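Next come the chains, spelled out residue by residue.
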Amino acid sequence: MVQLARWWLQFPRTLRRVAQIRGVAALGAGGILFLGPLVFNRLGLSSSQIGLALALSSAVGLVARASSGLLLDRGTALGTPLRLGAICSIGADVLLFRAHSFNAFVTGELLLGLAMGLYWPAAELASAQFSAPLPSSEGFALARTADALGIAAGALIGSCIAWGLGAQALRLIYGVDLVGMLVLLWLIRGLPKRGLPPAPAKLAPGQKRSWWGQSLLPLLAVSLLGTGLLTLQQSALPLDLANGGLARPGLPEAGGGLLIVLQLLLVLLLQWPVGHWLGSKPVAKGLRLSLLCFSGGCILLAFSALHPKGLLLLLLAQPLLALGTAAFLPTITEAVVESVSSKNQGLALGIYSQTWAISGISLPPLAGLLMEFQGHGLGLWLVMAGLCLAALGLLQPSWGKGSVPYSQSS
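Parameters and conventions
Residues numbered from 1 in each chain as written. Predicted model: local features only at pLDDT ≥ 70, side-chain atom pairs only at ≥ 80, totals over all residues. Heavy atoms only, no water. Patch = residues over 30% accessible without salt bridge, like charges linked within 9 Å, V, L, I, M, F, W, Y side chains within 5 Å. Areas by Shrake-Rupley, 256 points an atom, 1.4 Å probe, with all protein chains shown as cover. Salt bridge = Lys/Arg side-chain N within 4 Å of Asp/Glu carboxyl O. Helix = DSSP H or I, 4+ residues; strand = E, 2+ residues; numbered from the N terminus. Buried < 20%, exposed > 50% of the residue type's maximum accessible area, 1.4 Å probe, protein only. Core = buried A, V, L, I, M, F, W, Y, C linked by side-chain atoms within 4.5 Å. Contact = heavy atoms within 4.5 Å. Phe/Tyr/Trp six-rings, centres within 6.5 Å; stacked < 30°, edge-to-face > 60°. Expected span 1.5 Å × (residues − 1).

S.K.: Is there a simple way to think about a nonpolar patch on the surface in this case?
M.R.: Taken together, L246, I299, F303, L306 and L382 make up a surface patch of nonpolar side chains, about 440 Å² in accessible area. Note on placement: L246 falls in the loop between helix 8 (216-243) and helix 9 (253-278). Judged by relative accessible area, L246 falls into the exposed class, the value being 55%.

Written out as structure tokens, the structure is:
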């Protein structure tokens, strides 16, 4: 405990407050993102209907993320989008807790999309700006560790609810999120309006920095793929586990939830050591590691459908997917921050955050249709494995080294 306290106290006080905010926000999200589809699948909604609702939610988030980033670059206090996002999330929780129809489900998901769109650019920029005097890579590593802790705890609470009270009580995950949002509103009160912007990565002599940055576009392409796979783990994977494969039997809600919790706990254990280790390495190394792990994990998920004891392959996939997630999340955010000038970092993070929305718009409905057509997830996971391998060609050895210094000027 003493060592844990020393580790925690090494970070600046305000950065610790940001980590608390992100952990509390992730607590509710852990249950909603991974177990929410099971609530409405149990009510009789099809995979394509659930995918469509998640896509519409992401479409709203697409606009909200860009708006949040623009407001932040124009000097809006970091706490403002965080507060608005929490209020929208509370409204969504109330609706979804009582929803029994597709229309009510869609309305609640639209509010959740708005909430997440407002929240994410501000949360990411706060992690960077309040890291000083530590490098921003350390701030992102801590922030992602807090995310992992909250998501794992939220998914575990939801799985325990399903295990102890029955699958019909799984809707209580929205109550958990509502309580978390109230705590988040209290925590935001102690957050300063702004911090110190991290300086962008240094350019070689003679190079000029465009608004998009020298490598922002390929970074966004890699981000679109990585966030898409993480989105599918939240939407398609729970349904794949519940429905079963060609030979693999389906898992009950509690069993599928516990398998997801296993991956989230592994992410929690790996997030800080992996993020801290990669913080001093070129960002291309972290992204290469994540893409290879994602590809291997997807291959195991695909082949699990072909065997009656495919549960073993599902278990073997979880460490690979967890390592890929732990490497991807802090590295891609650090890379985006480094690729643009300080005055455009809010908008760049808003655009990066939109990759979550774009992948959320496109992939869940397509995955739902493919799974309904095939009756399993074999084809879906094989396609994602191939795309991850192909994306290795987008990585550039010249991408930055991490550990970005801080600047008083923008």
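Additional details are given in the paragraphs that follow.
S.K.: What exactly am I supposed to notice about the nonpolar core here?
M.R.: Within soluble globular proteins, side chains that are nonpolar tend to cluster in buried spots. Membership of the largest hydrophobic core comes to 94 residues, with the highest contact counts inside it found for F40, L184, F328 and W381. Among the elements that make up this core, the one with the highest residue count is helix 8 (12 residues). Residues within four places of F328 in sequence aside, it is in contact with V222, S223, G226, T227, L230, L287, S290 and F294. Among the nonpolar cores identified, the runner-up in size contains seven residues, and F11, A141, A146 and W272 belong to it.

S.K.: For this particular structure, what's the right way to read the packing of aromatic side chains?
M.R.: How two aromatic rings sit relative to each other is set out by the distance from centre to centre and by the angle between their planes. A complete count under the given rule lists six aromatic pairs for this structure. By the ring-pair criterion, three or more aromatic residues cluster together here, those being W7, F11 and W272.

S.K.: What am I meant to see in the side chain of S304 here?
M.R.: Looking at the secondary structure, you find S304 in the loop between helix 10 (283-303) and helix 11 (311-339). Here S304 is in contact with R248, G310, L313 and L314, once residues within four sequence places are set aside.

S.K.: Mind showing me how you'd approach helix 3 (residues 47-73) here?
M.R.: Quick reminder: α-helices carry 3.6 residues per turn. Residues three or four places apart thus point the same way. Here helix 3 contains 27 residues, and its C-alpha end-to-end distance of 39 Å stays within 8% of the 39 Å for a straight helix at 1.5 Å per residue. Two residues or fewer past helix 3, G75 is found with a positive phi of approximately 100°.

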